[in-house]
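Residues per chain are reported as follows:
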Amino acid sequence: MKQTLAQKVVARAAGRSTVTPGEIVTCKVDLAMVHDSSGPRRLKPMLERLGAKVWDPTKVVVITDHYLPEYDDESRKILRIARDWVREAGIDNFYDAQGICHVVLPERGHLRPGMFAVGGDSHSPTGGAFAAYMFGVGATEMLGVMVTGEIWLNVPHTIAIEFDGAFAPGVSAKDVMLFLIGRYGMDGGQYQAVEYRGPAIRKLPMQERMTLCNMTAELGGQTGLIASDDVTRDYLQREVEIWDSDADAPLLAHHRFRADELPPQVAAPHSPANTRPVSDFDQRIDLAYIGACTGAKLADLRMAAAVLRGRKARAKLIVAPASLRDQQTAEGEGTLQVLLDAGAELLANSCGMCAGYGQHQLGENTVAISTTARNFKGRMGAASAQVYLASPYTVAASAVTGRITDPRGMLQ
Amino acid sequence: MKAWVFGDNVDTDVIAPGRYMKYAIDEIARHCMEALEPAFAASVRKGDVVVAGRNFGAGSSREQAPEALKHLGVAALIAESYAGLFYRNAINLGLPALVCAQAKRIRAGDHIAVDLDAGRIDNRTSGETLAAEPVPAFLLQIVRDGGLLAHLEKRLRGERASA
């Protein structure tokens, strides 16, 4: 039986040779990742109520990112619970204030092709960029994993999204996802597996692939996946197994596009599906935000720098690099200095303004353009704030002019 | 049971706003749906149902979204479809979530009775009966036990008793 990449990984985790879309299987979990908000603060009391222990502490990774930097009693308490719990539970894989979980997890070598993994965050499909089957679950479902090491799954169909050719300069993975979400809607993924393939995808560096899989959450897929290849190997700096779909495995849908025809995209308030080409917009902005797992990795910072080099931001520009290591690399190679010279204000390596959890929030009536994943009403602060979503190129170009701007004429 | 009716793509930031996520559920619940319906949290009564269109619960993995609805006394959700992650969370928190293609036939304020076993929704205001998709038996059992935590507690107690 011909199998898709998603089916192959699920079958392995279910201890089967093949699985059929629509059947319900129980999978053994290879890796469970949690962060400070949905993790220890919720897991600890439930584990205590059950009198249960973590099934395998070596398979658990805990990363703090949501409530950093701590700024009040509540956030301090949430972080303290995380730090105490990893010690009590014997979890060595603990990354405290090192960056956003979806970026830190592969950066520290925890993902491998063929893995079956869950994360206590909706953007966990990011791991699918490494040909893993990784998806987000809530805290109680994560408790089930922590106690049993298993989880049920409705074996997904696969929706293949194929891009031929190559993306134009100034067009990035974020544009691809905003385009797809605009075209198919926030439930276009039907909670199935979305596989990105084709020559244009193969050419993308790992962190761009991560952005594709990450925003499969906004496309409504359970996860996004990309077959492993030399790019995966080079990023992980080790030999990897090749996990890919069989050539003629049955698909729920197969959408093909020409990559070079895609222009930069912008999603208007208050939905990532509210997308149009950048040239359609005539809009002033107050603030440009380059942050989040989906928009402030090293690759994203480099895109912003390609626009900002030698220029000054007219709008307020805030940058929150997605991981400490990416920030250090950006500093070493001069990318960070370009952003600072343009007038960027630097925030901590955490979720920052994206989810509105921290102290930095959008004020009343602020018009912002952001590299984040969601522009839901009130998410980043005041309900009256207007948030436009775009790529790091477009956000940087818009910061310079103070208006939503096509970055293609500003690349250096 | 009174129906509260919402549209398509109601997101988790609306159901459980991020800026209150650091607090306990009673505080989060106080702000449930406030961006769409400021009176909801204060006015919803125990046993009421929330009705919505497509993709209810889009967005975050935060289970405080279904938890807040349950905390406010919402007895069941009826929607054309749910975001998959939200649906799993609703079941895991013991909040019945029915999928009903005709959910939009229900009007705000209608009196609704839900029969989970039969997958039947009776609209006592309009006199209509709507069919809901059947919920797999193992998920129904989790809901009946009061959610996955209570379900696991029961299972572990059983395993320990037989050990």
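Reading the values: the criteria
Residues numbered from 1 in each chain as written. Chains lettered and ligands numbered in written order. Predicted model: local features only at pLDDT ≥ 70, side-chain atom pairs only at ≥ 80, totals over all residues. Helix = DSSP H or I, 4+ residues; strand = E, 2+ residues; numbered from the N terminus. Buried ≥ 20, exposed ≤ 12 C-beta atoms within 10 Å, placed from the backbone. Contact = placed C-beta atoms within 7 Å. Rg over C-alpha atoms; globule rule 2.2 N^0.38 Å. Nonpolar A, V, L, I, M, F, W, Y, C, P; charged D, E, K, R; others polar. Pairing = 2+ DSSP bridges. Axes fitted to C-alpha atoms, helices over the stretch in contact; angles between N-to-C directions. Domains from an automatic or database assignment. Core = buried A, V, L, I, M, F, W, Y, C linked by C-beta atoms within 7 Å. Right-handed = clockwise from strand over helix to strand, strands pointing away. Parallel < 35°, antiparallel > 145°, perpendicular 65-115°, else oblique. Left-handed = near helix turned anticlockwise from the far one by under 90°.

Overview of the overall build of chain B
- For chain B, the helix and strand inventory stands at 7 helices and 7 strands.
- When the helices and strands of chain B are placed in sequence order, the string is β-α-α-α-β-α-β-α-β-β-β-β-α-α.
- On the principal axes, the C-alpha backbone points of chain B span a range of 55 × 40 × 25 Å.
- Here chain B holds 163 residues, and the buried ones make up 51% of them.
- For chain B, the proportion of contacts with a sequence separation of at least 24, taken over those separated by at least 6, is 66%.

Considering the overall build of chain A
- Regarding its fold elements, chain A presents 14 helices and 18 strands.
- Against the globule reference of 22 Å for 412 residues, chain A gives a C-alpha radius of gyration of 20 Å, in line with a compact fold.
- Across its three principal axes, chain A shows a C-alpha extent of roughly 55 × 55 × 40 Å.
- Within chain A, the fraction of its 412 residues that count as buried is 62%.

Observations concerning the environment of Thr216(A)
Residues and elements named next belong to chain A.
- Examined against the element boundaries, Thr216 turns out to sit in helix H9 (residues 216-219).
- Using a count of 31 C-beta atoms within 10 Å as the deciding quantity, one classes Thr216 as buried.
- For the pair Thr216 and His123, spaced 93 residues apart in sequence, the C-alpha to C-alpha distance is 8.0 Å.
- Once residues lying within four places of it in the same chain are set aside, the contact partners of Thr216 are Pro125, Gly189, Val194, Gly221, Thr223 and Gly224.

Focus: the interface of chain B and chain A
- If you look at the interface, chain B gives 34 residues, while chain A gives 39 residues.
- Looking at side-chain class alone, the side of chain B that touches chain A contains 14 nonpolar, 11 polar and 9 charged residues.

Focus on the sheet that holds strand E3 (residues 76-79) of chain B
Residues and elements named next belong to chain B.
- If you trace the 4 strands from one edge of the open sheet to the other, you get E1-E2-E3-E4, paired in parallel fashion. Both edges of this open sheet fall to strand E1 (3-5) and strand E4 (97-99), since each of them pairs with a single strand only. Strand-to-strand, the axes of this sheet are offset by a mean angle of 20°, without reference to chain direction.
- Two strands pair when backbone bridges link them, and E1 and strand E2 (residues 49-52) are joined in this way by 3 bridges, in the parallel orientation.

A few points about the domain arrangement of chain A
All names here are of chain A.
- Under the domain assignment, chain A is made up of domain 1 (5-257) and domain 2 (266-409).
- Here the C-alpha centre of domain 2 lies 24 Å away from the C-alpha centre of domain 1.
- Taken together, the contact between domain 1 and domain 2 spans 35 residues of the former and 36 residues of the latter.
- Looking at the side of domain 1 that touches domain 2, the element that brings in the most residues is helix H6 (residues 173-184), giving 6 residues.

A short note on unusual backbone geometry
- The omega angle of the peptide bond from Leu68(A) to Pro69(A) is -10°, so this bond is cis rather than trans.
- Mapped onto the elements of the fold, Pro69(A) is located in the loop between strand E3 (60-63) and helix H3 (73-89).
- Cis geometry marks the peptide bond from Pro269(A) to His270(A), where omega comes out at -5°.
- Examined against the element boundaries, His270(A) turns out to sit in the loop between strand E12 (265-267) and strand E13 (275-277).
- One non-glycine residue, Asn365(A), lies in the positive phi region at around 60°.
- A positive phi angle is found at Asn9(B), which is not glycine, with a value near 55°.

Concerning the environment of Ala118(B)
- Inspection of the secondary structure puts Ala118(B) in the loop between strand E5 (112-115) and strand E6 (120-123).
- Once the C-alpha coordinates of Ala118(B) and Leu95(B) are considered, the two residues, 23 residues apart in sequence, prove to be 17 Å apart.

Section: the nonpolar core
- One finds Val10(A), Ala288(A) and Ile78(B) to be the most contacted residues of the largest nonpolar core, which totals 199 residues.
- Broken down by element, the residue count for this core peaks at 9 residues, all from helix H11 (residues 298-308) of chain A.
- There are two domains that each give this core at least three residues, and those are domain 1 (5-257) and domain 2 (266-409) of chain A.

Regarding the pairing of E3(B)
All names here are of chain B.
- Side-chain alternation along E3 places Ala76 and Ile78 on one buried face and Leu77 and Ala79 on a second face that is also buried.
- Bridging between E2 and E3 involves 4 bridges; their strand directions are parallel. Note on E3: the bridge partner recorded for Val51 is Ile78.
- One crossover worth recording links E2 to the parallel E3 by way of helix H4 (residues 64-71), and it is right-handed.
- Sheet analysis places E3 next to E4, joined by 3 bridges and oriented parallel. Within E4, the position partnered with Leu77 by the bridge is Ala97.
- A crossover links E3 with its parallel partner E4, the connecting element being helix H5 (residues 84-92), and its sense is right-handed.

Here's the deal with helix H5 (residues 139-148) of chain A
- Where burial is concerned, most of H5(A) is hidden: 9 out of the 10 residues are buried.
- All of the buried residues along H5(A) are Ala139(A), Thr140(A), Glu141(A), Met142(A), Leu143(A), Gly144(A), Val145(A), Met146(A) and Val147(A).
- Those residues of H5(A) hidden inside the fold are in contact with strand E2 (31-35), helix H2 (40-50), strand E5 (116-119) and strand E7 (150-154) of chain A together with H5 and helix H7 (148-162) of chain B.
- Following H5(A) by one or two positions, Gly149(A) has its phi on the positive side, about 75°.

Side note on the sheet that holds strand E4 (residues 94-95) of chain A
Residues and elements named next belong to chain A.
- The strand order across the open sheet built from 5 strands is E4-E3-E2-E5-E6, with neighbouring strands paired in parallel fashion. Among the strands making up the open sheet, the edge pair consists of E4 and strand E6 (133-136).
- On top of the sheet, H5 reaches E2 and E5; it is set at about 135° to E2, its chief contact.

A word on the environment of Gln327(A)
- Its location among the elements puts Gln327(A) in helix H12 (residues 324-333).
- For Gln327(A), a count of 22 C-beta atoms within 10 Å puts it in the buried group.

Brief notes about the packing of H6(A) against helix H8 (residues 206-214) of chain A
Residues and elements named next belong to chain A.
- The interhelical angle for the contact between H6 and H8, taken along N-to-C directions, is 20°, at an axis separation of 8 Å. Judged by the angle between their axes, H6 and H8 are roughly parallel. The handedness of the crossing between H6 and H8 comes out as right-handed. Along its contact with H6, which presents Ala173, Lys174, Val176 and Met177, the element H8 presents Glu208, Thr211 and Leu212.
- Grouping the amino acids of the contact of H6 with H8 by side-chain chemistry returns 4 nonpolar, 1 polar and 2 charged.

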